[in-house]
Amino acid sequence: MSLFRLSRKKSPWVFHVSTGSCNNCDIEIIAALTPRFDVERFGIVLQGSPRHADILLVTGILNRQTLERAKRVYAQTPDPKLVVAVGTCACTGGIFRGSYNFAGPLDRVIPVDVYIAGCPPRPQAIIDGIVKALEKL
Amino acid sequence: MEALTLEFALLLSIAVPFIWAAVVSGLGRASARVQGGFAASGMLLSTGFLVFAASRVMAEPTGLPLAFKRPWIPAFGLAFSLYVDALSLLLALVASGFGFLALLYSVDEMRREGGLPRYYMWMLFFGGSMVGLFLAGDLFTMFIFWELTSLASYGLIGFHKERLEDVGAALKAFMLTHLGGAFLLLGIFAVYLASSPHTLDFEALAGQAFTGGGMLLVSLAIASFIIAAVAKSVQFPMHNWLPSATVAPSAVTAYLHAAAMVKAGVYLLARMYTVLPGFFNVPSWNLVVVSIGCVTMLVGVMNALVQSDFKRLLAYHTISQIGYMVLGVGLGTTLGLAAGLFHLLNHALFKGCLFLCAGALIYATGSRSLDDYGGLAKRMPVTAFACLVASASISGVPPFNGFVSKWMIYGAAIEAGYAWAAVIAMFTSALTLASFAKVVHSAFLGSTPERLREVKEVPATMKIPLTVLALACILFGVFPAAPLSLVGLAASGLVPGLPLAVYSFGLVTEIGVWLPTVAALLLFLGILLGLAIYYASARVSPVAPTADKYKVFVGGEDVSLEEVSFTSHHFYSPVKSILKPLYEVGEKGGLDRLDYGIARLIDRACGFFRKVHTGVLSMYVFWLLLALLVFALMLWW
């Protein structure tokens, strides 16, 4: 396995995109990064720019305001990349499906690799989902 | 006969620009190009006469210095005299040669403007005065030409009479240089009184012992001359007029304020070694001049770092570079003088080239600010090449000419015991490089804004001076032996001694050795190696950022390139934040408080005398009759 591919698997860097979430999934993602669950032992670092990311963690229902912006962020992330839909809202739209502001679900617009259901999903579930995603890298 | 032809050639080199000025002011009906061509021919003739004179004179350098006199007022010992030594020839050649290039440049730059006869008249008037200043044989003739150049500068800076800003800048320049002229006159009086047979002639003064007036008068003279030089050569604290003077057309700024007029002060300082030998070349005055040079270097470059207006940036760099010259000339050693004078020559070349590049950019894009440029290297290759060469020269990058003269200045400073001055000079060089990295990137590299997609290269008459100057920078850097022979002669004529050993392979001073041809060869090979590596590697062709994925990430927003491009003011924000205390001094008033204080003082003094002007006619008649009575009484007693 090449050094780059090994580095990506052993230390995937993530970028968090919230496409109109209620923030619970975001809090759970941050919680996963805290010392209690500590995903940094997997080399997972939260980045400030999608240009530095291997994995996009997407939360939220993809409402009309964030539709174009989420597409742009996805385009600005360099290949190879993975998209992980965190939370029921990102997977299917959850209870907001069919509302006036709903422009999703996410996989209608962006190819999703891993779906982590839950409202919000527990940090353990998020970690499990990311580890499953790494097999695709 | 020989001497007569030589004198005639020198007189013509001064007279021809004046005659041409008179003629061109009547050429209003001719087309702009014809007027410009005629004007340029005048300076070309002047340069030709000087080259002829120089070749005659250099054929037997031991005959220098030569002096020619035409008596004018024998009672006061005033004559129209010329004094020719290597220094005058060098500077006169710089003045006339660059004048030709600047006028050639003006042909197209000023083509669309109105009032051209006035412009060319002033330019030629200035050219003639400049050559006259450098060739003048006594202090009074020099003073007359000094003031004439200030006048021409006023006319040229304020050329666009309808713009209030330009007129204000012209007035400020004239005021400050005229103040310097007043001090020059004061110094001249002091020298006249101090000299044993009262004289102002250079040749006569050179052999004087000044036992007449004593040390006080001589010190007064030196101090006044230094102030005059500070005003004319934009040294701290009288440097303010130059950045505002950049409102003038670019050929004017290049000629007056880069190549010629601002050098007059340096010439005056150098001339003091001829006129007041033994009194000026003492450690105390050397320290004064060196300190002025060092402070100015730093003030100039620190101000230049935070400029976005290209011409103002260059003006502050001029202030800084003349600080180098003043440093060199103030050291009092032959090497120091040679270094300062060589830097003067090189500065005329690279700074003139930079100002002409600025003019080219303004001509092509219509904007003066570096923030508005970008990626113009592809569209204006000649300008980009000239600007790159000149920027490398001014930053002191080998193998260009700026490096050689700066290296000589460092060596001279160390040799003369002013190592701290050498450190300041090197630090200034580093900051200069930083500043020009910003300039070259903002103007020529990076991405081109929408507005400038259609700019074209400048016309041929503007390209020729740019290429000539850029090539001269390269030439004088790789083969400095040729100009250094004249410069060395000038320096050893002022302070006896051998400045540096110039061999065909390189230069040797007491401090170090510089082999320009070897260095140039190695650098060229290095560049070739870099190019080879570049072409051998797999390259990605540059993508125009039109697709979303190539645009800058701004939180997912769609931003145009202009909003996020890295322009010149982004370069200096770290500098500004690090050196905040220094910049705050300037921004919170700084020098202005001193200037306003002096202005208020003078205003109050004049207010006292203003009371005489009552406006009542009978009072004026009374004063007149009173004065007549007093004179009558004086005559009868």
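Treat the numbers as computed from the prediction; the structure is a model and nothing was measured. (Residues numbered from 1 in each chain as written. Chains lettered and ligands numbered in written order. Predicted model: local features only at pLDDT ≥ 70, side-chain atom pairs only at ≥ 80, totals over all residues. Heavy atoms only, no water.)

Before going further, it helps to examine the overall build of chain A. Along its length, chain A carries 5 helices and 5 strands. Secondary structure elements of chain A occur, N-terminal to C-terminal, as α-β-α-β-β-α-β-α-β-α. Projected onto its principal axes, the C-alpha coordinates of chain A cover approximately 45 × 30 × 25 Å. Counting all 137 residues of chain A, 48% fall into the buried class. Look at the contacts in chain A between residues 6 or more apart in sequence, and 81% of them connect residues 24 or more apart. Accessible surface computed for chain A: about 7,100 Å², of which carbon and sulfur atoms make up 56%. Averaging the locations of the 17 positively and 11 negatively charged side chains of chain A gives two centres separated by 4 Å. (Helix = DSSP H or I, 4+ residues; strand = E, 2+ residues; numbered from the N terminus. Buried < 20%, exposed > 50% of the residue type's maximum accessible area, 1.4 Å probe, protein only. Contact = heavy atoms within 4.5 Å. Areas by Shrake-Rupley, 256 points an atom, 1.4 Å probe, with all protein chains shown as cover. Lys, Arg positive; Asp, Glu negative; His and termini not counted. Charge placed at Lys NZ, Arg CZ, Asp CG, Glu CD.)

The next subject is the overall build of chain B. Within chain B one finds 25 helices and 5 strands. Taken along the three principal axes of its C-alpha coordinates, chain B extends 100 × 65 × 55 Å. Taken across its 637 residues, chain B has 53% of its residues classed as buried. Taking all contacts inside chain B whose residues are at least 6 apart in sequence as the whole, residues at least 24 apart take part in 78%. Total accessible area on chain B is roughly 27,000 Å²; 72% of this is exposed by carbon and sulfur atoms. Of note, chain B has its 37 positive side-chain charges centred 3 Å away from the centre of its 32 negative side-chain charges.

This paragraph deals with the environment of W420 of chain B. Residue and element names in this part refer to chain B. Relative to the assigned elements, W420 resides in helix α17 (residues 419-444). W420 sits in the partly exposed class, given a relative accessible area of 39%. C-alpha separation for the pair W420 and Y154, spaced 266 residues apart in sequence, amounts to 38 Å. Setting aside residues no more than four positions away along its own chain, W420 makes contact with L287, V290, S291 and C294.

Here we come to the sheet that holds strand β1 (residues 13-18) of chain A. Residue and element names in this part refer to chain A. Pairing is parallel across the open sheet formed by 5 strands, whose spatial order is β2-β1-β3-β4-β5. Each of the sheet's edge strands pairs with one partner strand only, and the pair in question is β2 (45-46) and β5 (114-116). Sheet analysis places β1 next to β2, joined by 2 bridges and oriented parallel. Looking at β2, one finds that V14 is bridged to L46. (Pairing = 2+ DSSP bridges.)

Another aspect to go through is the nonpolar core. The tendency in soluble globular proteins is for nonpolar side chains to be buried side by side. Counting residues in hydrophobic clusters, the biggest one holds 196 residues, and the most contacted among them are Y119, I226 and M408 of chain B. Sequence-distant contacts of Y119 of chain B, that is, excluding residues within four places in its chain, are made with S106, M110, L156, F159, P249, A251 and V252 of chain B. Membership of the second largest hydrophobic core comes to 21 residues, among which are L33, V39, I55 and I127 of chain A. (Core = buried A, V, L, I, M, F, W, Y, C linked by side-chain atoms within 4.5 Å.)

On to the side chain of R271 of chain B, then. Structurally, R271 of chain B can be placed in helix α11 (residues 264-275). For R271 of chain B, the residues in contact, after removing those within four places along its chain, are Y83, D85, L87, S88, F202 and L494 of chain B.

Let's shift gears to the environment of A90 of chain A. All names here are of chain A. Among the secondary structure elements, A90 is positioned in helix α4 (residues 88-91). Along the sequence, A90 and G43 sit 47 residues apart, while their C-alpha atoms lie 25 Å from each other. The contacts of A90, once residues within four sequence positions are left out, are V58, T59, G60, A85 and L106.

All names here are of chain A. In total, this model carries 12 salt bridges over all chains according to the counting rule given. K132 is the salt-bridge partner of D128, the closest N and O atoms lying 3.1 Å from each other. Within this pair, D128 and its partner K132 are both found in helix α5 (residues 123-134), separated by 4 residues, close to a single helical turn. Residue classification places D128 among the partly exposed positions, given a relative accessible area of 40%. (Salt bridge = Lys/Arg side-chain N within 4 Å of Asp/Glu carboxyl O.)

Before going further, it helps to examine the packing of aromatic side chains. Inspection of every chain in the model, using the stated rule, returns 17 aromatic pairs over all chains. Between F608 of chain B and F609 of chain B the ring centres are 5.3 Å apart and the planes differ by 75 degrees, which places this aromatic pair in the edge-to-face class. The residues F608 of chain B and F609 of chain B share a single accessibility class, namely exposed. One aromatic cluster in this structure is built from F18, W122 and F125 of chain B. Against the face of Y74 of chain A rests K81 of chain A, its NZ or CZ located 4.0 Å from the ring centre. (Phe/Tyr/Trp six-rings, centres within 6.5 Å; stacked < 30°, edge-to-face > 60°. Lys NZ or Arg CZ within 6 Å of the ring centre and 35° of its normal.)

Let's shift gears to helix α8 (residues 214-232) of chain B. Residues and elements named next belong to chain B. Over its 19 residues, α8 runs 28 Å from end to end, which matches the ideal 27 Å to within 8%, given 1.5 Å per residue. Of the residues making up α8, those classed as buried are V218, A221, I222, S224, F225, I226, A228, A229, V230, A231 and K232. Considering only its buried residues, α8 is in contact with α5 (139-157), α6 (164-194), α9 (241-244), α11 and α12 (283-305). One or two positions beyond α8, positive phi appears at V234, with a value near 40 degrees. (Expected span 1.5 Å × (residues − 1).)

Residues and elements named next belong to chain B. It is the contact of helix α22 (residues 568-578) with helix α23 (residues 580-587), at a shortest axis distance of 5 Å, that shows an interaxial angle of 90 degrees. Taken together, α22 and α23 sit at an angle that is classed as roughly perpendicular. Contacts between α22 and α23 involve V575, K576, S577 and I578 on the former and, on the latter, K580, P581, Y583 and E587. (Axes fitted to C-alpha atoms, helices over the stretch in contact; angles between N-to-C directions. Parallel < 35°, antiparallel > 145°, perpendicular 65-115°, else oblique.)

Considering every residue of chain A, the mean pLDDT works out to 92; 100% of them sit at 70 or more. Across chain A, the element-wise mean pLDDT spans from 89 in helix α1 (residues 3-10) of chain A up to 96 in β5 of chain A. (pLDDT = per-residue confidence, 0-100.)

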